[in-house]
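Letter by letter, the chains look like this.
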Amino acid sequence: TDAAAAAAAAVAATAHVTLRPGGAKRSFPFQGDETLEFMPLGGGNEVGRSCCVMKFKGKTIMFDCGAHPGYKGEEALPFFDEVDAAEIDLLLVTHFHVDHAAAVPYFLTRTTFKGKVFMTYPTLAICKLVWSDYIKVSGVAENAQGSLFTEKDIQDAIAKITCIDYHQEVEHEGVRFWCYNAGHVLGACMFMVTIAGVRLLYTGDYSRQEDRHLMAAEMPTVKVHVLVVESTYGVQTHEPRRSREKRFVDAVVSTLQLGGRVLLPVFAIGRAQELLLLLDEYWRKNPELQRYPIVCLSGMAKRCIASYQTYINQMNNRIRHLNDIENPFEFRHIRYMTSLAEFEDNQPSVVMASPGMLQNGPSRSLFDKWCEYRNNAVVITGYCVQNTLAKDLLDAEPSTHTMGDGREVQLKIRVHYVSFSAHADFIQTSEFIDELSPGHIVLVHGEANMMASLKKQLLGKYGAHTGVGIWSPQNTETVKLTFHESKVAKVVGSIAADRPKEGGGLSGVVLHKNFQLTICSVDEMGQHAGLEVSHLLQRLHVPWQQPWSVLVYHLSKLFGVITTLKETDEKHETGTTQAGDETSPQGKKKGKGKKLPQRDGEAPISVLDAVTVRKADVGVVEVEWASNPINDLVADSVLSVILQTLSSPAVAKAMAKAEGGATELSKIVRVMLEDRYGAANVSSGDHGVLNLSVDGHAVQVGEGGDTVACASPETQKKVEAVLKRIVARLNPSASCACTPAQG
């Protein structure tokens, strides 16, 4: 028991060693390229169609798969033609917004992508609504040319998606990843991906500021080698929450008191819920405003409320505490409508409509209707991308507007901008980077000027003196980062009982799995590799018509080490299984097979303790060995001896002439010398010596042809040459014989 306990302790012991270059007898083929490649297919020096690809150690990861809100059809897609979709192992989606997730159904059903897709539970629940709505607002019939996907494509895509929780660690073919809460919108996450010890954090859209219903983005606690971070607001800083809420409410209330209409273009899910919470609370506290209706003109906003109620546990403490009293998303002063036809525009009102950038849909229709009246107001609350009406209103401040029917009218509506955007500003981003201290920073998701200003500030702060690399790639531009990390292996099992010493040697097998190295002894390889250990016992039956002693002689000549065995029935019957045999778990046949009676002088023999040769049947020998590289080599040599001996006609002739079938070598040599010089010229002498008369000279040949003596040197050389040829025929493998050490 003490020995067993010691053995168990040795197996349980572990240690870690560093494998230096050249430290192993062979290089590790699994090390692969140490260059990490990162390329934006969308979101590079732009906001919209976020989609980035990471390649490292033969693995390819795609982050997000969005569509550009400012374009239609395939123009809105990321540059998928820059990658082979079939080579992508994982698609990780951070949140449900159009510019991060709208192209997922297209990519999963219209390309050769065969990998895995992961997102959080709230993200998938709301993506279903976003994708269906995207088909409707695109203005393209499902099956018409230019349609990116159909409802069937959406259902097929959903079936391929796996949901995960925050902090749930997943491993897929050597890639480990998990996600953190990112703030921004319900279910938004930041993905941490680890490959071969290198960690990359992809933030997606994130916010480090808590709002009315969402928590602030989490701060990872592990070392980050590469940080891929959004740069939406560049070096701008956000207005304090209380200040922006006051400006927003003042703009809304002042417009209503002037008898005007207030248009709030928002995305149906995300900032819409934040504004609804604010307006409903303000209307509750100010009864005089309750005569002004608040309308949410979006069927999707109403449908998503179920998801918000389901995942309240992922919101901040304020919402969770409110939920203990009443459902915070059951608004008293908000009316939901699904179409403009339901809306009666007969009094001052507040209308929240999508989309948030006024590019089409209900928000664009109401803007066209109200833009000619100075008492009305449009309050833009979110980030706006290029090529959208909302962006033009903020930047160009136009005096005219082109209506949907082509008419150009005077633009008199008042335009307010109050940012409720849940994107990190410069202060949040700077503090985030300070806390993480990454080795490399890659900027994405920002207009060129915003990204350039942020990069300039970061270079000034983390310049050459820190060694931090900062990159802002264009779409399809590749960032290449090299990681020269030492290879650390875990030593396990019996060889870990004595802790490895610095600079010392270690003998074992290096196991590689999912970019992790383990060193163990050869005997314990099966245990630590998670593989079943199998032993292959091979048997080969070969025809043999010659006497048994001839085979023994030839094998001993080649190998030198021949052992005679005394075999029992049990030993003879263990090994491989023939068809129809019932076998025990140990590999032994149940029942008895055929066993030949063993005659004197025909006992089985062992060659180099590796191969067993026995008489298996009349005219048949059996060659048996446990298969491994060494034993296989010995077995091949044994078979070569058998086959070459059988193929020698001189041997067969000598054996046939030998008196009484004698097998002694001297008698076989005499028969062959008689064939050469004539029986009258060959006679037997004392002690097995043969006397020959060759060319009138007397020649004495030692037993077995080992020695030759003659007064004539010339005649002696002739007889030695003849004997050499005879021996070569008797032992065909003698000319290539070698010891095991030589082989």
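Because the structure is a prediction, the values reported are computed rather than measured. (Residues numbered from 1 in each chain as written. Predicted model: local features only at pLDDT ≥ 70, side-chain atom pairs only at ≥ 80, totals over all residues. Heavy atoms only, no water.)

Re the packing of helix H4 (residues 121-137) against helix H8 (residues 299-310)
Here comes step 1: Between H4 and H8, the shortest axis-to-axis distance is 9 Å and the interhelical angle comes to 170 degrees. Taken as axis vectors, H4 and H8 run roughly antiparallel relative to one another. Across from Ala125, Ile126, Leu129, Val130 and Asp133 in H4, the residues of H8 making contact are Met300, Arg303, Cys304, Ser307 and Tyr308.
Here comes step 2: When its residues are assigned to classes, the contact of H4 with H8 shows 7 nonpolar, 1 polar and 2 charged. (Axes fitted to C-alpha atoms, helices over the stretch in contact; angles between N-to-C directions. Helix = DSSP H or I, 4+ residues; strand = E, 2+ residues; numbered from the N terminus. Parallel < 35°, antiparallel > 145°, perpendicular 65-115°, else oblique. Contact = heavy atoms within 4.5 Å. Nonpolar A, V, L, I, M, F, W, Y, C, P; charged D, E, K, R; others polar.)

Thoughts on the nonpolar core
Here comes step 1: Within the largest apolar cluster, 107 residues are counted, with the highest numbers of intra-cluster contacts made by Met62, Phe80, Leu91, Phe107 and Phe248.
Here comes step 2: Among the elements that make up this core, the one with the highest residue count is H4 (8 residues).
Here comes step 3: Aside from chain neighbours lying at most four places away, what touches Phe80 is Leu41, Cys51, Met62, Cys65, Ala103, Tyr106 and Phe107.
Here comes step 4: Phe63, Val193, Leu200 and Phe515 belong to the second largest nonpolar core, which has 31 residues in total. (Core = buried A, V, L, I, M, F, W, Y, C linked by side-chain atoms within 4.5 Å. Buried < 20%, exposed > 50% of the residue type's maximum accessible area, 1.4 Å probe, protein only.)

Regarding helix H7 (residues 271-285)
Here comes step 1: Along its 15 residues, H7 runs 22 Å from first to last C-alpha, staying within 8% of the 21 Å computed at 1.5 Å per residue.
Here comes step 2: Those residues of H7 that sit buried are Arg271, Ala272, Gln273, Glu274, Leu275, Leu276, Leu277, Leu278, Leu279, Asp280 and Trp283. (Expected span 1.5 Å × (residues − 1).)

Concerning the packing of H4 against helix H5 (residues 151-158)
Here comes step 1: At a minimum axis distance of 10 Å, the contact between H4 and H5 shows a crossing angle of 160 degrees. With respect to H5, the element H4 is oriented roughly antiparallel. H5 is crossed by H4, and the crossing has right-handed handedness. Here H4 contributes Leu124, Lys128, Trp131, Ser132 and Ile135 to the contact with H5, which in turn contributes Glu151, Ile154 and Ile158.
Here comes step 2: Across the contact of H4 with H5, the residue classes tally to 5 nonpolar, 1 polar and 2 charged. (Left-handed = near helix turned anticlockwise from the far one by under 90°.)

Focus on unusual backbone geometry
Here comes step 1: That bond from Ser354 to Pro355 is cis: its omega, 0 degrees, falls within 30 degrees of zero.
Here comes step 2: Position of Pro355 relative to the elements: it lies in the loop between strand E16 (350-353) and helix H10 (361-370).
Here comes step 3: At Leu608, a residue that is not glycine, the phi angle is positive and equals roughly 55 degrees.
Here comes step 4: As for its position among the elements, Leu608 is in the loop between strand E29 (605-607) and strand E30 (611-617).

A few points about the pattern of salt bridges
Here comes step 1: Summed over the entire model, instances satisfying the criterion amount to 25 salt bridges.
Here comes step 2: A salt bridge links Glu281 to Arg318; the nearest nitrogen and oxygen atoms lie 3.0 Å apart. Taken together, the positions of Glu281 in helix H7 and Arg318 in helix H9 (residues 317-325) put the pair 37 residues apart, joining distant regions of the chain.
Here comes step 3: Beyond isolated ion pairs, a larger network of salt bridges with shared partners links Arg212, Arg241, Glu245, Glu281, Lys285 and Arg318. (Salt bridge = Lys/Arg side-chain N within 4 Å of Asp/Glu carboxyl O.)

Regarding the packing of aromatic side chains
Here comes step 1: In total, this model carries 15 aromatic pairs according to the counting rule given.
Here comes step 2: On the basis of an interplanar angle of 40 degrees and a centroid distance of 5.0 Å, the ring pair of Tyr206 and Phe432 is categorised as tilted. Of the two residues, Tyr206 is situated in the loop between strand E11 (198-202) and strand E12 (226-230) and Phe432 in helix H12 (residues 426-436); the sequence distance between them amounts to 226 residues.
Here comes step 3: The buried category is assigned to Tyr206, whose relative accessible area is 0%. (Phe/Tyr/Trp six-rings, centres within 6.5 Å; stacked < 30°, edge-to-face > 60°.)

Overview of the sheet that holds strand E28 (residues 562-564)
Here comes step 1: Within the open sheet, the 5 strands sit side by side as E27-E31-E30-E29-E28. Their pairing is antiparallel. Whereas interior strands pair on both sides, the edge strands pair on one side only; in this sheet they are strand E27 (537-543) and E28. In this sheet, neighbouring strand axes are inclined to one another by 25 degrees on average, regardless of whether the strands run parallel or antiparallel.
Here comes step 2: This element, helix H17 (residues 629-646), spans E27, E29, E30 and strand E31 (620-626) of the sheet and lies at about 165 degrees to E31. (Pairing = 2+ DSSP bridges.)

Details of the side chain of Asp280
Here comes step 1: On the secondary structure map, Asp280 appears in helix H7.
Here comes step 2: One polar contact links the side chain of Asp280 to the main-chain amide nitrogen of Arg332, over a distance of 3.1 Å.
Here comes step 3: In this view, Asp280 contacts Phe331, Arg332, His333 and Ile334; residues no more than four positions away in its chain are not counted. (Polar contact = N/O pair within 3.5 Å; in protein donor to acceptor, adjacent residues only side chain to side chain.)

Some words on the pairing of strand E21 (residues 440-444)
Here comes step 1: Among the 5 residues of E21, 5 are classified as buried, and the element is accordingly described as predominantly covered.
Here comes step 2: Residues of E21 alternate between two faces, with His440, Val442 and Val444 on one and Ile441 and Leu443 on the opposite face, all of them buried.
Here comes step 3: Relative to E21, E12 runs parallel, the two being bridged by 5 bridges. What sits directly across from Val228, in E21, is Val442.
Here comes step 4: Bridge analysis of E21 against strand E22 (residues 469-471) gives 3 bridges, and the strand direction is parallel. Residue pairing across strands places Val442 opposite Trp471, the latter belonging to E22.

Some details on the confidence of the model for the protein
Here comes step 1: Predicted confidence across the protein gives a mean pLDDT of 83, with 84% of residues reaching 70 or more.
Here comes step 2: Within the protein, the lowest mean pLDDT, 38, falls on helix H1 (residues 2-12), and the highest, 98, falls on strand E5 (residues 90-92).
Here comes step 3: When the criterion is pLDDT under 50, residues 21-30 qualifies, and its contacts beyond four places in sequence or with other chains add up to 5 contacts.
Here comes step 4: Of the regions scoring below 50 in pLDDT, residues 569-596 engages in 39 contacts with residues more than four places distant in sequence or in other chains. (pLDDT = per-residue confidence, 0-100.)

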